[in-house]
Structures are given as structure tokens and as C-alpha cells.
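Listed below, chain by chain, are the residues.
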Amino acid sequence: MPESSTVKDVLSSSVECRTSPLRRFSLSSLHRNSLGVFCSEDNVQECLSHISQEVSSFGLPPVWTEPGSGSELNIVAVLNCMYDLIQLHRRGLRTLENMEVEQLKSNSNVDFLQLSTTRLKEQLEISKRENTGLLERERQLQLKVKSLQNCLKNEKEEVQKLQNVIASRASQYNHEMKRKEREFNKLKERLNQLLVDKKEKKQAIDVLNNIGRADGKRSLWKTEKMEAKHEGEMYKTLLSDYDTRQRELQLENAELRKVLQQMKKDMVSILSSRKPAAKGDKHEHSGMQAASEEEDDEAFDSSKESVELYCVHAREKLANSIRLQWRRLKSHVERLDSQVSSAQTGESKSTDAVPRETHEEEMDRLKLEIQQCKDFIQAQQQLLQQQLSSPCDEETASLLSDCYMLQEKERLGDEWKTLEEQRKIFERERRNFTEAAIRLSHERKAFEEDRATWLKHQFLNLSPFSDSKKPSLSKSKSAFLISAETDSSAAVAPEKFIKHRSESPRCVPLTSPSTADLYRTLCLIPEDSSTKPKRKTEHVEESSVFCGNAPVRHKRWDGIQDRTLSQEKNSSI
Amino acid sequence: MKAGLLFFFCLTFLLCCTPQATCVQYRLVVRDVSTLQILQLYTCLDQVSHMEWSSDSLFILCAMYNRGLVQVWSLEQPDWHCKIDEGSIGLVSSRWSPDGRHILNTTEFHLRVTVWSLCTKAVSYIKYPKACQKGIDFSRDGRYMALAERRDCKDYVCVFVCDDWHLLRHFETETQDLAGLEWSPNGCVLAVWDSCLEYMVLLYSLDGRLLSTYSAYEWSLGVKSVSWSPSSQFLAIGSYDEKVRILNHITWKKITQFEHPAIIDNTKATVYKEAEKRPGVGSDEMPLHNITMGATLFNTQSKYEICPLPVQIPVVKPDPDRASPKIGISVLAFSSDSRYLATKNDNMATAVWVWDMQKMSLEAVLEQTSAVRCFQWDPLRPRLALCAGNTKLYLWSPGGCVSVQVPTEGGFQVQSLNWHCSGDSLILLGKEQLCLCYMDTDQEDK
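Residues numbered from 1 in each chain as written. Chains lettered and ligands numbered in written order. Predicted model: local features only at pLDDT ≥ 70, side-chain atom pairs only at ≥ 80, totals over all residues. Heavy atoms only, no water.

1. Digging into the overall build of chain B
Right, so step 1: When helices and strands are tallied, chain B shows one helix and 39 strands.
Right, so step 2: Buried residues in chain B amount to 58% of all 446 residues.
Right, so step 3: At a minimum sequence separation of 6, the contacts of chain B that also span at least 24 residues come to 43%.
Right, so step 4: In the structure as shown, chain B presents an accessible area of about 18700 Å², 51% of it carried by carbon and sulfur atoms. (Helix = DSSP H or I, 4+ residues; strand = E, 2+ residues; numbered from the N terminus. Buried < 20%, exposed > 50% of the residue type's maximum accessible area, 1.4 Å probe, protein only. Contact = heavy atoms within 4.5 Å. Areas by Shrake-Rupley, 256 points an atom, 1.4 Å probe, with all protein chains shown as cover.)

Structure follows, in C-alpha cells:
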């Protein structure tokens, strides 16, 4: 059955593959019916024709001719056809087998080839890697070779040099050796000569006369003191040399230090001058802060620098500060350079334009101001000139000439008048005073004379019986005046005192009061008779005092004076 | 101060002092410089090998090494004579002491130094003096003498007080083979240097303490010449590696080194090259003039030209097998104000290099046509006179340099020169002739 099925399959497949438009609807009807059979009793004719067509298309002799023999098949033809078909089929199968085999073969070939390619690729990779590795090694080895060649060259050169050195040294040694040998030979000869030659010439000096030393001094003996002196001198020379050298070095040092400090100051000034111009770069700003601090520090230090930077730290400090300033200066210069270069590219031109305008405006404004001020000054000047040169009345001129002083002048005039009046009053008073003083002096003189006469009388009339003899009142006024004068003197004295003290303009005409009045006023009249004798005795005592007796009475005289004075004081005041 | 100078035939030796004297064979002639009048004439016993004035210019020492004799002549008293006979011990060198009253004779083989006193006829001996390039040096003030001593294969330095030759200090030095010593001008430091096999410069204080050592490199040939600056500030050390190293007196460390490259480039110095002016064949006057002068071939004028940099200096490579090769700085001279240093490199023998010590850089290079024989600074001014074995005298000053023809007949070739102490005149020494050169304010003239 497989044959038939295969035939069927072939047929069906051939049917399916050869669908011509003419045959389409017929094919559909010729398709397998539900039973799966191609031919049934219905469509025999169609099947026949179809098959014969198919067969003829295969190239086989036709099986059935339609108009021919009717519906009966030629079995021989059919069998032949079948046989041919079978052959065809077999042939096809064979070719299919062959092709399958071929395909298998080619598949296996492909696989094989694939495997081999992968293997070969791997091999290639490996060999490539090896190659690079080898190349690398070769390169390294070449380098090594080169360096070794260089070393070799150097070594050769050194060897050559050393050989040269050895050669020169050898020749030098030889030369020296030869020289020494020659000298040795000469020495040997001389020795021989001396041994043979008995006549030995001795050393000698033959000088006509000794000559003095060049410096005129006498040569000295060699003593220890001399040795010590020589040592001392030697050390002195050395020390002085060291001193001068040290001084020179110090000077040099000081100069260099000055130069360094000057440099530092300059750098600091340069860096600080650009401080306000520096735009807010934080780092810069902080740097500035540090710089200002350092400057303060340094300013403080400069005052101490006169002490001199002798210690290492101070020197290092100076050096470090210089380095710092220099670095800053360098960075500043670099920045300026970069600024300049950026400015040259034209970036900052716009920024410059605005300030320039404002600058110009400012300039114009200032110019205008200046002009205005000038005009103002001019006008003032003119007015002033006018003032000075304009003519005016004499009165007003005279008035005006002193107008500023008028008020003061009037005031002065008034004061002058008052002063004049006062002066007149003072003159008058002074005149009065002088008159009074003259009168007073006259009166005093008179009083003094009276007293003197009274005292004289008293002295002359001195007796134990003082009561019996009373001084005559008729005696000259002067006598009374004497006694009174003692009182009046006391009186005058207080008056005088009073006068002198008060100096009142009132002039009291000095009329000597009557004796009685005087006595009464003086409370010395017999109202109090007891006092009289006392007074008398006192008077005597006074006189005795005047005669120069015991000083005890003097006391009493003083006491009297005082009393009288006080009395008078009481009376008059 | 009297000054004497010989004009005609003379021997080569001449030492510069204010009076000038010259010896011929065994005759000593003393002349006055200004008038060229013969003041004194002395006759010595033998051919004079060495002649020296005393420091006060009153005595002249004539040493005859062959005979081992030293004769001393007095200028004031011609009758006075003094003869020192070293006897069988021989004489190798003789010199005055700074006070002018003692003579130091070094005996043959440097066996000892005998100090003869002309005041007391006393004799002192100094044993084991070293035979080296510069074994004795007096300090500038004449108070101390340093003497190199070699005892038991070790180097010592003896410091003597010149007053009474009392040994002040005696100390060992750290040198392998002491080659020379020199006092600093202020008399407080003694520079001691080793032989050329080892570069070593030692500085000792007056009292014998080692102040410092300086060694620039090892193994190669070392110090060739040493010079103090007159202010004692610098010590210049010239070595075989064609460099001059300057040490300062405060730290005794090198402050700079001057190199002498064959190609001068990249410097602000002026290079003067001597160019000979050949007398023109076409001009009629010159040949006649030359003929009358009597010297056409030898008296070619020359002048200096300023060469633009870079300049190549001719170098003569020394023979490597010979000892003391002609390479390195052999002559160092400071000017009197310590401002300039003149150096000569032996393998560039035609060039004199002048260095400015203030700027520590090269100031000028003078390139001559023939090898420079001798150069010396003016004692007062910064003026350098040099001679190159021909008939010319060359002068350099900061203002420029000039070449002067010495107007003499015959082949007078200037071998060496010496300045007068006042800087007013120069003596030019030839093989058999002598020439005095007076300096005017503007021009040099004889």
C-alpha cells in the first residue's frame, strides 16, 4: 500500500503543483473527496482525461485518447504507463537518496570546515600573541644591547683615560726617578771626590767690615723672652687679620641687609599700593589681610631692626619675608600680564567706555565751575575798584573816613570829661592836705618848743614841796602848754594819730583850748584831786626819768602815756 | 731712589728693583735709569750665575755657582767687599733675606741652607731643605720665612722668624711630595701644593693650623701653578687639565673655574688677533725706509684686529710620553688691583687669556703670531706687557691693546721683560741685548 499511497501522494502533489487556470474548477472537483479517494464512479472520465494529460506532460505516451476507443482503457498502455511511472518514481527516489546523501556529505563537510576554521582561528590568535611577545622581547633586548654598548663605550673611554693617566704618571715617575738617579750619581761622585781629595775647602766668609742692620737696631740674643715675643707677634698678626676680615664681612653683611630691607620695603609698598585697586578675589583679599598684618608686624620690626638681626631666627625671618613678598610680587606681575593680554583681545574696551564718559562729564562740570568762580571774582574786583575810585562830598568823606570810629570816639570823649573832673577834685583835696600838713608841722614845732620849756621849768623847779609851789598859771602859755602839752601832746598825739588815721577832709582848726577846759577835758582837774599829786609825782618821776633814772619809772611813764592816750582816745572819739 | 739700567750688551739675568744693574760674564755694571750713566763697575771672580739686589737697594749679591762663591757689593761704598765661600759643599742657589743683611745659600744636593749674616758674620744652618719647585718663600712684610723640609720621607714646613732665624713653627704637611709653598700677601696664610702627580692644595694658617684642603680631582696630573691675588682674597690654581680654579679666602672653596677651550664661543670677551702688516710692494717709500733702517725682513709691523666669535685658537698637542707635558696652565698673574688675571695655557702657547675677577668671566684673549714668552703686569696699573720672542712689545689694558715695534737694529728678539717698580718703564731682555722702554702717558717710546 505504501506504493499506492505514494503514488497518490505524488499525484496529489502533482495535481497541486500544476494547477492551471483551465483546470482549476475541474481540479477542485477532482480533489479528494471525503473518502480520500481520487477517482470515484462519478468522475471517471474526468479522471481519465486528467491522468492522460498528466502522463503526457510527463513525457510518456498517452494513455487514453478521448475520441478514440470509447471509455475503455488500453491496459497495455496503462500498464506501460504505470511501469514508466514506477520507473520514474524509482528514479526519483534514487535521485532523492543521492541528494540526501550528498546533502549529508556537504553538511558534514561544512561542520568539518567550521571546526577547522575555529581551530585555525584560535591558532592564529595564539601565534599572534606569541609574535607580539617576541617582538617586545626583541625590543627590550635591543635597548639593552644599546645601553650595554654605551656602557662599553664609556668604559672603553675611561679605560683609555686611565691608561693615559697611568702613562703620564709612569712617565712622570720615570722622569723623577731619572732625576733622582742623576742626583744620586752626582752625590756619589762628589763623595768619591771628597774622599779622594784630602784638601777640604772650608766654608768661610770674608767681610771687610760689619754692616749695620737695615733698620738700625742692634741684633738681639735668642732668649725665651724673644721666643715668646715672636709667638706673641705672630698671634697678633693673625688676630688683626681676622679682625679686619670680620669687620669687612660685617660691613658687607650690613649693606646686604640694608639692600634686602630696602627691597622688602619697596615690594611691600608696591603690593600695598594696589590693594584698593584689587577686585574681590577672596583668596587675594585674604592674602591682603595677611599682608597688612605682616606689614604691621614688619613695621614694628623695623624699629627693632636697628638692634640688628644677629640671631639665626631674625635672619631667617627677613629672608622668609623677602621670599614671601617676592612671590606676591611675582604673582601680581603675572596677573597684570594676563590682564594686559586679555585687554588686548578687546574684551574690556566696553567697560572702559563708560568710565571715560563720566570722566569727561566730570571734567566739563569742573571747567564750568571754574569759569563761574572766575567771573565772580572779576565782578567783585570791579566793584571794589569802583568803590575806591568814585568821588564823594567832603563832609560825607570826612564822616565816612572815620565812620567806623565815631561811636568809640564819643564814648572816649565822655570818659575823658569824667576823668578830668575827678582829677580836679583830687587836686583840690591834695592842696588841702598839703596845707593841713604844713599847719600841723608848724603846730607841732611850736608844741615841741613849749614842751621843752615846760620840762625845763619843771626840772628847774624841782623840789620836795611840790604842792606849795604850783606852777603859776600865769606862766607863759607855753608852761601850761608844757603841762598841757604833755597832755596836749598826748591829746595832739591822738589827734595826730586820729588825723593820720582817718585823713578826713574835715580840717579841725587847732585852737588850743583854755587850760581849765583842757584840764577838765583831760579829767585831770581837782575833780579828782587824788590823782593830781599822783600826777605830780608821776610828773616828777617823769622828769626823773628824763634825767635818766631808774627804768622802773620809765614804765610808769609809758603807763601814763598809755593811760592818757587811751583817755584822750576816749575823749576825742 | 737711584735707578740704573744697562743698554748695550748684557747677560740675560736681570732682576727688577728700582736701581737697575746688569752683569756681563764677570763684570757688574750699575747704571742710572734716567741718565744711563754708569754709576759703578765691579768685577767678580767668576762668571756670575745669579745676581740680586738687597731689599734696601744698597747691596748687590753676585753668586757664582760653579765656584761656590757669593760676592756682595755695596753701592754706597765701592770699596766695601764681601765674599762668601761655601767651600767644597758647593752652591746651588743664593738669595737675600728680606732685611737685606742675611744671605741664604742652598748647598749642592740641598744638603742644607746656610744663613750668613753680614752684620755679625754669624752662620746658621737649616737642615733637610727640600729640593722642589719653590721650597723657600718669604712673607711680603719680610717677617717670616717658610721653608719646605723633607725628613724621613715626609714633608714638613718650617716657619722661621726672619729677625733672628728663630724656628717659630714646624709641622708636617699632608702632601705626598710637596712641590711648592707661597705666603698670602697679608702674611697670614701659607698655601702648600703637591707635585703634579696628585692634585692637592693645602692652606695653613701662620701658626701652623691646617685651614683647608682642596683637591679638584684624582689621578690625572694636578697642579701646575699657583698664585695669590694681591688682596689675598683669591687663590688661583692652574692645573694640567687646562683649567684655572679660584678659591676664596673666606671658605677656601672653589668659587669658579676658568676653562680654556680651543674654540671660543658664547662669551662677551674681545679676541685680539695679531695680524702682521706686510709692507706694500708697490709703495715707494716703505722699501727705501726699510733699507735705511737695515732690517726689512724682521721688522714687520703688526697690529691687532678684533675677531668676531667663534674663534679657533691653534692647539699644539703635547707628546704624551714625555714627562711634564706642555699642557695646562703654567703661568698665572694677577694685576696689582686684583681686578684681572692673565693666564697662559701651554698647549695654546700663542694665546694669553685675560679674566675679569669682578665679573668672573673672560675679558680678552690675545692671540699672537708666535708663542708668548713672557708677560707681566704693571705694578701700579692694570696694564699687561707681553713678549713673544720677536721684535715687538705688546701691551694690553682694559681700553685696548697695542703692538709696539722695538726700534733696534739687527735681530733683537725680546725674550723676557720686567717692569720698573713705578710702572713708568719696562726692560726688554734679549739674548745679548737689553732695551729700556719708557712709558709716556699716551704712547710708548724709547
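On we go from here.
2. Considerations on helix α7 (residues 312–344) of chain A
Right, so step 1: Along its 33 residues, α7(A) runs 47 Å from first to last C-alpha, staying within 8% of the 48 Å computed at 1.5 Å per residue.
Right, so step 2: Among all positions in α7(A), only A314(A), L318(A), S321(A), I322(A), Q325(A), R328(A), L329(A) and H332(A) are buried. (Expected span 1.5 Å × (residues − 1).)

3. Concerning the interface of chain A and chain B
Right, so step 1: Taken together, the contact pairs 43 residues of chain A with 57 residues of chain B.
Right, so step 2: When the area that chain A buries against chain B is broken down by residue, the three leading residues are Q203(A), I205(A) and I211(A), summing to 15%.
Right, so step 3: Inspection of the region where chain A meets chain B yields two salt bridges.
Right, so step 4: We note a salt bridge from R190(A) to E108(B), for which the minimum N-O separation is 2.4 Å.
Right, so step 5: Our enumeration of links across chain A and chain B arrives at 15 residue pairs in polar contact (both at pLDDT 80 or more). (Buried area = accessible area lost by both parts, 1.4 Å probe. Salt bridge = Lys/Arg side-chain N within 4 Å of Asp/Glu carboxyl O. Polar contact = N/O pair within 3.5 Å; in protein donor to acceptor, adjacent residues only side chain to side chain.)

4. Things to note about the pairing of strand β38 (residues 434–439) of chain B
Residue and element names in this part refer to chain B.
Right, so step 1: Burial within β38 is extensive, with five of its six residues counted as buried.
Right, so step 2: Across five bridges, the pairing between strand β37 (residues 425–429) and β38 is antiparallel. Its bridge partner being in β38, L429 is matched across the sheet by L434.
Right, so step 3: Hairpin connection from β37 to β38: four residues lie between these consecutive antiparallel strands. (Pairing = 2+ DSSP bridges.)

5. Examining the packing of aromatic side chains
Right, so step 1: All told, the structure shown has 15 aromatic pairs over all chains when counted by the stated rule.
Right, so step 2: Put simply, the rings of F59(B), W80(B) and W96(B) pair up and form one aromatic cluster. (Phe/Tyr/Trp six-rings, centres within 6.5 Å; stacked < 30°, edge-to-face > 60°.)

6. Side note on the side chain of K224(B)
Right, so step 1: With respect to the helices and strands, the residue K224(B) is situated in strand β20 (residues 223–228).
Right, so step 2: Beyond its immediate sequence surroundings of up to four residues, K224(B) is in contact with Q133(B), G238(B), S239(B), Y240(B), P325(B), K326(B), I327(B), G328(B), I329(B), S330(B) and D346(B).

7. Describing the pairing of strand β30 (residues 351–356) of chain B
All names here are of chain B.
Right, so step 1: Where burial is concerned, most of β30 is hidden: six out of the six residues are buried.
Right, so step 2: Residues A351, W353 and W355 of β30 are buried on one face, and the alternating residues V352, V354 and D356, pointing to the opposite face, are buried as well.
Right, so step 3: Where strand β29 (residues 340–345) meets β30, four bridges bridge the pair, whose relative direction is antiparallel. Across the sheet, L341 pairs through a bridge with W355, a residue of β30.
Right, so step 4: Between the end of β29 and the start of β30, which pair antiparallel, lie five residues.
Right, so step 5: Pairing between β30 and strand β31 (residues 361–367): six bridges, direction antiparallel. Residue W353 lies in a different strand from β31, and its bridge partner there is V365.
Right, so step 6: The hairpin turn running from β30 into β31, its antiparallel successor, is four residues long, and M360 in that turn takes a positive phi close to 55 degrees.

8. Here's the deal with the sheet that holds strand β22 (residues 243–248) of chain B
Residue and element names in this part refer to chain B.
Right, so step 1: The strand order across the open sheet formed by four strands is β20-β21-β22-β23, and the pairing between neighbours is antiparallel. A strand with exactly one partner marks an edge of an open sheet, and here the two such strands are β20 and β23 (254–259). On average, each strand axis in the sheet is tilted by 20 degrees relative to the strand beside it, whichever way the strands run.
Right, so step 2: Where β22 lies against β23, five bridges are found, and the strand directions are antiparallel. Bridging from a neighbouring strand, R245 pairs with Q257 of β23. (Axes fitted to C-alpha atoms, helices over the stretch in contact; angles between N-to-C directions.)

9. With respect to a nonpolar patch on the surface
Residue and element names in this part refer to chain A.
Right, so step 1: Taken together, the side chains of I75, L79, M82 and I86 define a hydrophobic patch exposed on the protein surface, amounting to about 380 Å² of accessible area.
Right, so step 2: Tracing the chain through its elements places I86 in helix α4 (residues 75–196).
Right, so step 3: For I86, a relative accessible area of 33% gives the class partly exposed. (Patch = residues over 30% accessible without salt bridge, like charges linked within 9 Å, V, L, I, M, F, W, Y side chains within 5 Å.)

10. Examining the nonpolar core
Residues and elements named next belong to chain B.
Right, so step 1: Ranked by internal contacts, the top residues of the largest apolar core, which has 36 residues, are Y144, V157, L190, V192, L203, L235 and I237.
Right, so step 2: Those residues in contact with V157, other than ones at most four positions away along the chain, are L147, R169, H170, F171, T173, L178, L181, L190 and V192.
Right, so step 3: Residues I246, V311, A351 and W353 belong to the second largest nonpolar core, which totals 22 residues. (Core = buried A, V, L, I, M, F, W, Y, C linked by side-chain atoms within 4.5 Å.)

11. Notes on the sheet that holds β30(B)
Residue and element names in this part refer to chain B.
Right, so step 1: The strand order across the open sheet formed by six strands is β26-β25-β31-β30-β29-β28, and the pairing between neighbours is mixed. Only two strands of the sheet have a single partner each, and these edge strands are β26 (301–307) and β28 (329–334). Direction aside, neighbouring strands of the sheet carry axes that sit 20 degrees apart on average.

12. So, unusual backbone geometry
Residues and elements named next belong to chain B.
Right, so step 1: Cis rather than trans, the peptide bond between L309 and P310 has omega equal to -5 degrees.
Right, so step 2: Position of P310 among the secondary structure elements: in the loop between β26 and β27 (311–312).
Right, so step 3: Phi is positive for C153, close to 60 degrees, though the residue is something other than glycine.
Right, so step 4: Along the chain, C153 turns up in the loop between β13 (144–151) and β14 (154–161).
Right, so step 5: Relative accessible area serves as the criterion here: at 65%, C153 is assigned to the exposed category.

13. So, the confidence of the model for chain A
Residues and elements named next belong to chain A.
Right, so step 1: This prediction gives chain A a mean pLDDT of 74; 60% of its residues lie at or above 70.
Right, so step 2: Between the elements of chain A, mean pLDDT differs from a low of 43, seen in helix α13 (residues 531–547), to a high of 93, seen in helix α10 (residues 406–460).
Right, so step 3: Per-residue pLDDT stays below 50 along residues 525–562; that stretch engages in 34 contacts with residues further than four places along the chain or on separate chains.
Right, so step 4: Segment residues 564–573: pLDDT under 50, and 16 contacts once partners within four positions in sequence are set aside and those in other chains are kept. (pLDDT = per-residue confidence, 0-100.)

14. A short note on the confidence of the model for chain B
Residues and elements named next belong to chain B.
Right, so step 1: Confidence in the prediction for chain B averages 84 pLDDT; 89% of positions are at 70 or higher.
Right, so step 2: Residue range residues 281–296 is modelled with pLDDT below 50. Its contacts to residues more than four positions away, or to other chains, number five contacts.
Right, so step 3: Taken over the whole predicted complex, pTM reads 0.60, whereas the ipTM for its chain interfaces reads 0.78.

15. Details of a negative patch on the surface
Right, so step 1: Taken together, the side chains of E357(A), E360(A), E361(A) and D364(A) present a region of like negative charge at the surface.
Right, so step 2: On the secondary structure map, D364(A) appears in helix α8 (residues 349–389). (Lys, Arg positive; Asp, Glu negative; His and termini not counted. Charge placed at Lys NZ, Arg CZ, Asp CG, Glu CD.)

16. Regarding the environment of N210(A)
Right, so step 1: With respect to the helices and strands, the residue N210(A) is situated in the loop between β1 (204–207) and α5 (224–273).
Right, so step 2: Overall, the relative accessible area of 41% leaves N210(A) in the partly exposed class.

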